[in-house]
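In case you want the letters, here they are:
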Amino acid sequence: MTSVLEHARTCPIDEIIPMSPEMLKCPSIMNRRFHHEAPVFQDPTTGIFFISRYDDVVAMSMDHKTFSSVMPGGQAGTGSMVSDDPEIKAIMDQGYPGVSTMLTADPPVQRHYRKFVNGAFSPESLKVLEPFIDRVSNELVDAFIDEGHCEFLSAFGVPLPLTVIASQIGAPQSDLPLLRKWTNAFIGNLSQQLDRDGLLQAAKDVLEFQLYFVEKMEVRRAHPEDDILSKLVNASIDGEKPLNNSECLSMLSQIMVAGNETTSAALTQGMQLLINNPDQYEMVRKDPSPEMIHCLVEEVLRYTSPSSNMFRRTTREVEVNGVAIPENSVCFARFAAANQDDERFPDALKFDITRPNLKDHVAFGKGVHHCLGAALSRREMNGGFKVIFERMENFRLTPGAGEPEFSANALLHGLTGFDLSFDKK
Ligand code: HEM
C-alpha cells in the first residue's frame, strides 16, 4: 500500500486511480494533487468527474438544476430494491415499491418531502434528546470502563447513534441488531459489490425492514408518541395528505443509513485524532467546556468528512474550473477534498480546533440537500465527547493493536475499528 501511495505522490496525474482501494482508504495525497493540478479530474476507469476544490464543490451543491441528484436507474435510498432478477423481483413484490424522496430527488420533489421532516430534525426539537444522549453515552462507557480498553467503534461509535435513532423510529433496544442488519443490506445493495446470493439476502432483509416498519407506522398513526416516527407518519403540511407507507419507508431508510455510519465514523476517528494530536487533546482535556467540545466536534467533522463524496449528474454541458463537462456526466461532489483545500483552510491537513473558520466546513454538504441530520449528529457528538472527557483520560492506541485501517468505500470514509486504551478518571 505504501508504494501505491508513494507512486501517487510523484506519478503523472493521470496515472492516479482514484477508485483504487489504496486511494479510497487514504485520499489525502490524491486530494492535494487534484487541488493543485486537476481540480476537475475525469477518472479514466469510471468516467466520473472528480470535483475537489472548496469553491467548486460549494458552487455545484448550490446549483441543483445543473447538478442533479437523480441517477439513471438509481434505486438507492428509495426504501426498496429494483432488479431484473425474477427471484429478487418476487421478493420485493411482497413489499412496497421504492419512491425517490430526499437524497436521490431534485426540487420540487425533494423539497416536498423535506417539509415533512425538517421540523422533527430542527435543533430546537432535538433539544429534548440531550438527557437521553447523556444516559446512553454513560451506559455505553459503563460497559467497558473497568477494562481500561475497548474497540471504540463497536463499543461506542456504532451503538450511540444507532440507539438514539432506534428510540426515535420506534425500535426497542433489543432490535438494534436488526437495524444494523437492514442498514448493511441497503449499503450492500448500494456498493454494487454483492454477488447474487448477497443480493438475494439483501432483498429478504429489505422486505423484512419494510414489513417491520409498516407495522410500527400503523401503531404510531393510531397512538402517536413524542418521536420522529410519529411526526413522520402523521405530518400533514399545508393541508396535504400525510405520507403513504412507501414514502415513509423511503425516508426511514435514508434516515437509518445516512444517520448511523457517518456519525459512528466521526466519533471514532475523532478519538484517533486526539491521540495523534496531543497538543489539541491537551486543550480539551484542560477545558472540556461545551464551547471547547463544540470546536472539537466541528474540526473533527471537517477533518474526517465521513460522507466523503456524493454523486451528481449534469443536466447540461457545464464548465467547471476551465474543464467542459458534457451533459449527462456523473460527477462526484467531493466534500472531504473540499474540506482539505488549503485555499479555504490554511494548512488543511493540520487538525486544529482553534481554526477561525471552523464553521465553514462542508461535511454536511451545502444547498438544498444540506444534511437533514446535521443537528442530530452534532448533538450526539457533543454529548458523546462530553461523557468521554468526564469519565476517561490519557487516551492511547492499545499497545500491539496494529495501525488502524480505513475501509475502501467511495462514499463513506471511516475506520474499520479502533483499539483504544485509557485511564479511568
Ligand atoms: C457526521 C454525521 C453526518 C454526516 C457527515 C452527514 C453528511 C451528509 C451530507 C454531506 C449530505 C448531503 C448529500 C448531498 O449533497 O447529496 C447529507 C444529507 C443527508 N443526511 Fe446526513 N450526515 C450525517 C448525519 C446524518 C444523520 C444523523 C441523519 C439522519 C438522522 C442524516 C440524514 C441525511 C439525509 C436524509 C440526507 C439527505 C437530505 C436531502 O437530500 O434533502 N445524516 N448528509
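Check the entry above for the structure.
Residues numbered from 1 in each chain as written. Predicted model: local features only at pLDDT ≥ 70, side-chain atom pairs only at ≥ 80, totals over all residues.

S.K.: Looking at this structure, I do not really get the site of the ligand. What am I missing?
M.R.: In the vicinity of the ligand lie 27 residues, with Gly259, Thr262, Gly365, Cys371 and Gly373 positioned nearest. The dominant element in the shell around the ligand, judged by the number of residues it contributes, is helix H14 (residues 245–276), at seven residues. (Near = placed C-beta within 6 Å. Helix = DSSP H or I, 4+ residues; strand = E, 2+ residues; numbered from the N terminus.)

S.K.: Looking at this structure, I do not really get the environment of Tyr303. What am I missing?
M.R.: Tracing the sequence through the fold places Tyr303 in helix H16 (residues 290–304). C-alpha separation for the pair Tyr303 and Ala336, spaced 33 residues apart in sequence, amounts to 7.7 Å. With near-sequence residues (within four places) excluded, Tyr303 lies in contact with Leu273 and Phe351. (Contact = placed C-beta atoms within 7 Å.)

S.K.: Looking at this structure, how should I read the pairing of strand E8 (residues 330–333)?
M.R.: It is a general feature of regular strands that their side chains alternate between the two faces of the sheet. In this sheet, E8 lies alongside strand E2 (residues 49–51) in parallel orientation, the contact comprising three bridges. Considered in E8, the bridge of Phe49 is made with Cys331. Strand direction decides the pairing type here: strand E5 (residues 310–314) and E8, joined by four bridges, are antiparallel. What sits directly across from Phe311, in E8, is Phe332. (Pairing = 2+ DSSP bridges.)

S.K.: Looking at this structure, I do not really get the sheet that holds strand E9 (residues 392–397). What am I missing?
M.R.: Strand order in this open sheet of three strands is E4-E10-E9, and the pairing throughout is antiparallel. The open sheet has two edge strands with one neighbour each: strand E4 (149–151) and E9. Between one strand axis and the next, the sheet turns by 30° as a mean value, whatever way the strands run. Where E9 meets strand E10 (residues 419–424), four bridges bridge the pair, whose relative direction is antiparallel. Its bridge partner lying in E10, Arg396 is registered against Ser421. The strands touched by H14 are E9 and E10; relative to E9, the strand with the most contacts, the crossing angle is about 85°. (Axes fitted to C-alpha atoms, helices over the stretch in contact; angles between N-to-C directions.)

S.K.: Please clarify how the nonpolar core should be interpreted in this entry.
M.R.: If you look at soluble globular proteins, the nonpolar side chains tend to sit buried side by side. In this structure, Ile51 and Leu232 are the most contacted members of the largest nonpolar core, which totals 106 residues. Broken down by element, the residue count for this core peaks at 13 residues, all from H14. (Core = buried A, V, L, I, M, F, W, Y, C linked by C-beta atoms within 7 Å. Buried ≥ 20, exposed ≤ 12 C-beta atoms within 10 Å, placed from the backbone.)

S.K.: Is there a simple way to think about the packing of helix H12 (residues 196–222) against H14 in this case?
M.R.: Between two packed helices, the angle of one axis relative to the other and the distance separating the axes together describe the packing. Across the interface, H12 lies against H14 with an axial gap of 10 Å and an inter-helix angle of 115°. In terms of axis orientation, H12 runs roughly perpendicular to H14. Note on packing geometry: the crossing formed by H12 with H14 is right-handed. In this structure, H12 uses Gln210, Phe213, Val214 and Met217 to contact H14, whose residues at the interface are Asn245, Cys248, Leu249 and Leu252. Here the residues of the contact of H12 with H14 are counted per class, giving six nonpolar, two polar and no charged. (Parallel < 35°, antiparallel > 145°, perpendicular 65-115°, else oblique. Left-handed = near helix turned anticlockwise from the far one by under 90°. Nonpolar A, V, L, I, M, F, W, Y, C, P; charged D, E, K, R; others polar.)

S.K.: I tried to follow the packing of helix H10 (residues 159–168) against H14 on my own but got confused; where do I start?
M.R.: Viewed as axis vectors pointing N to C, H10 and H14 meet at an angle of 150°, and their least axial separation amounts to 8 Å. Taken together, H10 and H14 sit at an angle that is classed as roughly antiparallel. In this structure, H10 crosses over H14, and the sense of that crossing is right-handed. Contact residues: Leu160, Pro161, Leu162 and Ile165 in H10; Ile255, Met256, Gly259, Asn260, Thr263, Ser264 and Leu267 in H14.

S.K.: Would you mind showing me how to read the sheet that holds strand E1 (residues 40–42) here?
M.R.: Two pairing modes exist for strands in a sheet, parallel and antiparallel, and in both the strands are linked by backbone hydrogen bonds. The strand order E1-E2-E8-E5-E3 describes an open sheet built from five strands, whose pairing is mixed. With one partner strand each, in any of the chains shown, E1 and strand E3 (67–68) form the two edges of the open sheet. With three bridges joining them, E1 and E2 adopt antiparallel strand pairing. Of the residues in E2, the one forming a bridge with Phe41 is Phe50.

S.K.: Would you explain H14 in this entry?
M.R.: One turn of an α-helix holds 3.6 residues; hence residues three or four places apart share an orientation. Between its first and last C-alpha atoms H14 spans 47 Å; for 32 residues at 1.5 Å apiece the expected length is 46 Å, and the two agree. With respect to burial, H14 is a largely interior element, 26 of its 32 residues being buried. (Expected span 1.5 Å × (residues − 1).)

S.K.: Explain unusual backbone geometry to me, please; I cannot follow it from the model alone.
M.R.: The bulk of non-glycine residues show a negative phi, and the bulk of peptide bonds are trans. Along the chain, Pro107 connects to Pro108 via a cis peptide bond; the corresponding omega equals 5°. By secondary structure assignment, the location of Pro108 is in the loop between helix H5 (86–93) and helix H6 (109–118). Within the chain, Ser305 stands out as a residue other than glycine whose phi angle is a positive 35°. Residue class for Ser305 comes out buried when judged on the 26 C-beta atoms lying within 10 Å of it. Residue Asp347 is not a glycine yet carries a positive backbone phi of 50°. Checked against the element boundaries, Asp347 lands in the loop between helix H17 (335–338) and helix H18 (374–391). Since 8 C-beta atoms lie within 10 Å of it, Asp347 is described here as exposed.

Taken by themselves, the reported measurements are silent on function.
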